[in-house]
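A closer look at the structure
These are the residues of each chain, in order.
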Amino acid sequence: MIGQSPVLAGPDAAGGTLLEARGLTKHFPVGGTRFGGHGVVHAVDDISLSLPAGRITAIVGESGSGKSTLAKLLARLIRPTSGTLALDGRAIRARARAGRGYARRVQLVLQDPFASLNPIHDVRYHLVRPLKLHGIPGSAERGQHRSGALDQAVADLLGRVSLTPPDVFAAKYPHELSGGQRQRVAIARALAVEPAILLADEPVSMLDVSIRLGVLNLLGDLREREGLAIVYVTHDIASARYLADTIAVMYAGRIVETGPAAVVTDQPAHPYTQLLLSAAPDPDRGQPVTLRGRGAPPNLVTPPPGCRFHPRCPHAMLICSQAVPPMAHTGAGHASACWLHDAGLSAAQRAPLTVAAVRSTRSAPPSGAAAPQPPPPHPDDAAEPGKEA
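Computed from a predicted structure; not experimentally measured. (Residues numbered from 1 in each chain as written. Predicted model: local features only at pLDDT ≥ 70, side-chain atom pairs only at ≥ 80, totals over all residues. Heavy atoms only, no water.)

1. Structural notes on the nonpolar core
Counting 99 residues, the largest nonpolar core has Leu 70, Leu 74, Ile 187 and Ile 197 as the members making the most contacts within it. Those residues in contact with Ile 187 that lie beyond four places of it in its chain are Val 109, Val 161, Val 215, Leu 218, Leu 219 and Leu 222. The next biggest cluster of nonpolar side chains, apart from the first, holds 5 residues, and it includes Met 317, Ile 319, Cys 320 and Leu 345. (Core = buried A, V, L, I, M, F, W, Y, C linked by side-chain atoms within 4.5 Å. Buried < 20%, exposed > 50% of the residue type's maximum accessible area, 1.4 Å probe, protein only. Contact = heavy atoms within 4.5 Å.)

Right under this line is the structure:
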């Protein structure tokens, strides 16, 4: 189907699909303007993905692309406008409330570890609370007091995230920890319920550069040791290449390119992915950076018609402003939603879009084109204040 994202899966995944989403869409209604108009923010549009055990899928894109909204949809913290989810092969009513059974299988690690931890409670409290809520480790063994079982469970969790000695860290409060240590506590709290899927929403963006690698290596170790399916949400495509097996590039609420991490970063097929890579720091790059793009992300209340990247694309053609490009397979497990890969276009459809034509699509009426006013920097923020997309 044209415009529909393919199902994403890590190559040669042996563990089977744990979580599958098809046609996931989320539109946030916005209030009326002074002219009486109403609309919706197209935060996520028609995204499908498959998360196999023991694989890391990176969702990459700039702020406002819908990455955080997608993570919250997968965690069922917000209800989708449309689309379906299936956990362990069982279909879930997408608009039904998430129960503890789902939360135990799918856990979310938030971007800011200090904001996600209660400053008036110590580390032990944060780790014991999910254990009690989900009945873990269950009834105490014969002859062992329940508090002793909880203390052992806390020590095991801290050991799994390399916070040792555990008795020292269990007694600390969030303000007594470094940013990296707080994020490790947040990860340990997510691991407390023994999830199968870990959704990490920008887990290192709030940390010092010097300690980011340690947290990324921790996520990689969890994938290797425990077979977790991990979704790594990030704006840093370089770290996605380092950590992930599969990369999915998002732009303006849609997936525009997917494939094995090394292939996407070494042989980018979509102009937006090429733009991201040109902006990424590379110590081996000998030439000055040349950004092949223009403009800013679109207003997602009135997104551009056709390919949403076409107002910024240096290769934009007439067809790009008229129809949503289908996902074209460009190699083994590699796909890109770009009309440049379609060899069957007519000469008229391949006619380059002039700057004037691009401007006209930006100023077109709300029936299909982008509005002329500056786009909101973070569509996800408009829906959920205080959280960066």
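More follows now that the structure is in view.
2. Brief notes about the packing of helix α6 (residues 179-191) against helix α7 (residues 209-226)
Following both chains from N to C, one finds α6 and α7 inclined at 20 degrees, their axes separated by 9 Å at the closest point. Comparing their axes, α7 and α6 come out roughly parallel. Handedness of the crossing formed by α6 with α7: right-handed. Residues Gly 179, Gly 180, Gln 183, Arg 184, Ile 187 and Leu 191 of α6 lie in contact with α7, whose contacting residues are Ile 211, Gly 214, Val 215, Leu 218, Leu 219 and Leu 222. Considered class by class, the residues forming the contact of α6 with α7 number 7 nonpolar, 4 polar and 1 charged. (Axes fitted to C-alpha atoms, helices over the stretch in contact; angles between N-to-C directions. Helix = DSSP H or I, 4+ residues; strand = E, 2+ residues; numbered from the N terminus. Parallel < 35°, antiparallel > 145°, perpendicular 65-115°, else oblique. Left-handed = near helix turned anticlockwise from the far one by under 90°. Nonpolar A, V, L, I, M, F, W, Y, C, P; charged D, E, K, R; others polar.)

3. Here we look at the packing of aromatic side chains
According to the stated counting rule, one finds 3 aromatic pairs in the structure shown. Each ring, one from Tyr 251 and one from Tyr 272, has its centre 4.7 Å from the other, and the planes form 55 degrees; the classification is tilted. With Tyr 251 in strand β9 (residues 246-251) and Tyr 272 in helix α10 (residues 271-279), this residue pair connects regions lying 21 residues apart in the sequence. Accessibility classification places Tyr 251 together with Tyr 272 in one group, the buried group. Between Tyr 272 and Phe 309 the ring centres are 5.4 Å apart and the planes differ by 65 degrees, which places this aromatic pair in the edge-to-face class. (Phe/Tyr/Trp six-rings, centres within 6.5 Å; stacked < 30°, edge-to-face > 60°.)

4. Some words on the layout of surface pockets
A volume near 550 Å³ is recorded for the largest pocket. Around the largest pocket, the lining is made up of 22 residues, and of these Leu 77, Ala 103, Gln 107, Leu 108 and Arg 189 lie nearest the centre. Put simply, the parts of the chain that give the lining of the largest pocket at least two residues each are β6 (106-109), α3 (123-133) and α6. The element contributing the most residues to the lining of the largest pocket is α3, with 5 residues. (1 Å grid on protein atoms, 1.4 Å probe; cavity = no way out; pocket = protein on both sides within 12 Å on 5 of 7 lines; lining within 4 Å. Points joined across faces, edges and corners; volume = space filled by probe spheres on them.)

5. Concerning α7
In a regular helix each residue adds 1.5 Å, so 18 residues correspond to 26 Å; α7 covers 26 Å between its end C-alpha atoms and thus fits that length. For α7, the full list of buried residues reads Val 215, Leu 216, Leu 218, Leu 219, Gly 220, Leu 222 and Arg 223. Positive backbone phi, approximately 70 degrees, marks Gly 227, located one or two places after α7. (Expected span 1.5 Å × (residues − 1).)

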